[in-house]
Amino acid sequence: MSVRPYAGKSGGTAEINGLRPRWDKAFFMHKGRKRGKMTELLYQNDASLREFSATVSEVVENNGVVLDRTAFYPGGGGQPADLGVLVAGDESWQVTKVKRVNGQPVHYLDRRPPEAGTAVSGHIDWQRRYQLMRTHTAMHILCGVIWRDYGASVTGGNMDPLKGRMDFEFETMHQDLVAAIEQAVNHEVEAARPVVVNILPREEAFQIPDLIRTKINLLPEDIAEVRTVELVGLDLQADGGTHVRNTSEVGPIRITDYKSKGKINKRIYLELNE
Ligand SMILES: [Zn+2]
């Protein structure tokens, strides 16, 4: 497997592959006293979940609600948060923003939320989310290919639906390589590689050389389990985001541009078809 070594620059944080700017506790499962109070993150085990039922566990400021379980991705690692709708009985609320507050996903609604204890159903804006899952997976393909073919590591990245950009320590990048990179990433789409998610006990994750190189040792001590995402044969990351199940779902990838951000740092842009 080809996982680029840690190459982040911001002191003290562990940038794995640019898809995740820092170790975020909410990406991992907690054991011990906090368990049971924390929101169950349904998207971590099943990224294909579009609807779910839940109970409001807390109402917070600015029309925010915490749920006992959620399929809404709260954002992180370069992947924007989900949007959608919350329904209780014959009332519905737009979910206008989701973000983590004290590690818990808070769903911000368009008006006064239902009270704590209310049974609700959540409905993800699926078109947008699925586009983000394809884009996120395309970014793994790009960083896997760039590392495998050029030995260049990722330092950052960001995405919108169907558009992404990634920064690499890639001194030899130049215009002539764009076509070769585009061909190589599309080859990995056509190779239809399975995308496998695992949740490993901390000790087990610590024994995977690829993950050790990505500074897993910076993982906070109360994190008991690590979620990994593998494009089988191409890329392995500790990662909390949502991805498609097979690289073939990404569809054709266009490398639309690249920019020099200095002698060594290069930014590469990609786009997908609708
Ligand atoms: Zn990812």
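Here the structure is shown first, and the text comes after it.
Caption draft 1: Focus on the overall build of the chain. On a plain count of helices and strands, the chain comes out with 5 helices and 15 strands. In the chain, of all internal contacts separated by at least 6 residues, the share reaching a separation of at least 24 is 68%. On the chain, roughly 12,200 Å² of surface is accessible, and the fraction owed to carbon and sulfur atoms is 47%.

Caption draft 2: Region of the structure containing the coordination of the zinc ion. The protein atoms donating to the zinc ion are His136 (NE2), His140 (NE2), Asp239 (OD) and His243 (NE2), with metal-donor distances spanning 2.0 Å. Around the zinc ion, the 4 donor atoms sit at angles spanning 96 to 125°, and that spread fits a shape best called tetrahedral. For the zinc ion, all donor residues lie on one chain, and their spacing in sequence is H-x3-H-x98-D-x3-H. Here His136 pairs with His140, and both are found in helix H2 (residues 126-150), just 4 residues apart, close to one helical turn. Accessibility expressed as a relative area gives 1% for His136, which makes it buried. Judged by relative accessible area, which is 0%, His140 ranks as buried.

Caption draft 3: Spatial organisation of the sheet that holds strand S5 (residues 84-88). Around the barrel, which closes on itself, the 6 strands sit in the order S2-S3-S7-S6-S5-S8 with antiparallel pairing between neighbours. Pairwise comparison of adjacent strand axes, ignoring direction, gives a mean angle of 45° for this sheet. Here S5 pairs with strand S8 (residues 119-124) via 4 bridges, running antiparallel. Note that in S8 the partner of Val87 across the bridge is Ser121.

Caption draft 4: Quick peek at the pattern of salt bridges. Tallied over the entire structure, the rule returns 11 salt bridges. Of the charged contacts, one joins Arg111 and Asp110 as a salt bridge, the two residues approaching to 4.0 Å between their closest N and O atoms. Across the salt bridge formed by Asp149 and Arg148, the nearest N and O atoms sit 2.7 Å from each other. The class for Asp149 is partly exposed, based on a relative accessible area of 36%. Connected via shared salt-bridge partners are Arg148, Asp149, Glu188 and Arg193.

Caption draft 5: Fine view of the nonpolar core. Membership of the largest hydrophobic core comes to 54 residues, with the highest contact counts inside it found for Leu142, Ile181, Ile253 and Ile268. At 10 residues, H2 tops the list of elements feeding residues into this core. Sequence-distant contacts of Ile253, defined by excluding residues within four places in its chain, comprise Ala138, Ile141, Glu182, Val185, Asn186, Val189, Leu270, Glu271 and Leu272. With 6 residues, the next largest nonpolar core counts Leu200, Ile223, Val226 and Ala238 among its residues.

Caption draft 6: Structural context of the environment of Phe170. Tracing the sequence through the fold places Phe170 in the loop between strand S10 (163-169) and helix H3 (177-190). With 23 residues separating them in the primary sequence, Phe170 and Trp147 have C-alpha atoms 9.6 Å apart. If near-sequence neighbours (up to four positions away) are discounted, Phe170 is found in contact with Ile146, Tyr150, Ala152, Leu177, Ile181, Ile264, Lys266 and Ile268.

Caption draft 7: Representation of unusual backbone geometry. We note that Asn63 has phi near 55°; this positive angle belongs to a residue other than glycine. Note on placement: Asn63 falls in the loop between strand S2 (51-60) and strand S3 (64-67). Accessibility expressed as a relative area gives 29% for Asn63, which makes it partly exposed. Backbone geometry places Leu162, a non-glycine residue, at a positive phi of 75°. With respect to the secondary-structure elements, Leu162 resides in the loop between strand S9 (153-160) and S10. The class of Leu162 is buried, set by a relative accessible area of 12%.

Parameters at a glance
- Residues numbered from 1 in each chain as written.
- Predicted model: local features only at pLDDT ≥ 70, side-chain atom pairs only at ≥ 80, totals over all residues.
- Heavy atoms only, no water.
- Helix = DSSP H or I, 4+ residues; strand = E, 2+ residues; numbered from the N terminus.
- Contact = heavy atoms within 4.5 Å.
- Areas by Shrake-Rupley, 256 points an atom, 1.4 Å probe, with all protein chains shown as cover.
- Donors = N, O, S within 2.8 Å, 3.2 Å for Na, K, Ca; no water.
- Tetrahedral: all angles 85-135°; square planar, octahedral: opposite > 155°, others 65-115°.
- Buried < 20%, exposed > 50% of the residue type's maximum accessible area, 1.4 Å probe, protein only.
- Pairing = 2+ DSSP bridges.
- Axes fitted to C-alpha atoms, helices over the stretch in contact; angles between N-to-C directions.
- Salt bridge = Lys/Arg side-chain N within 4 Å of Asp/Glu carboxyl O.
- Core = buried A, V, L, I, M, F, W, Y, C linked by side-chain atoms within 4.5 Å.

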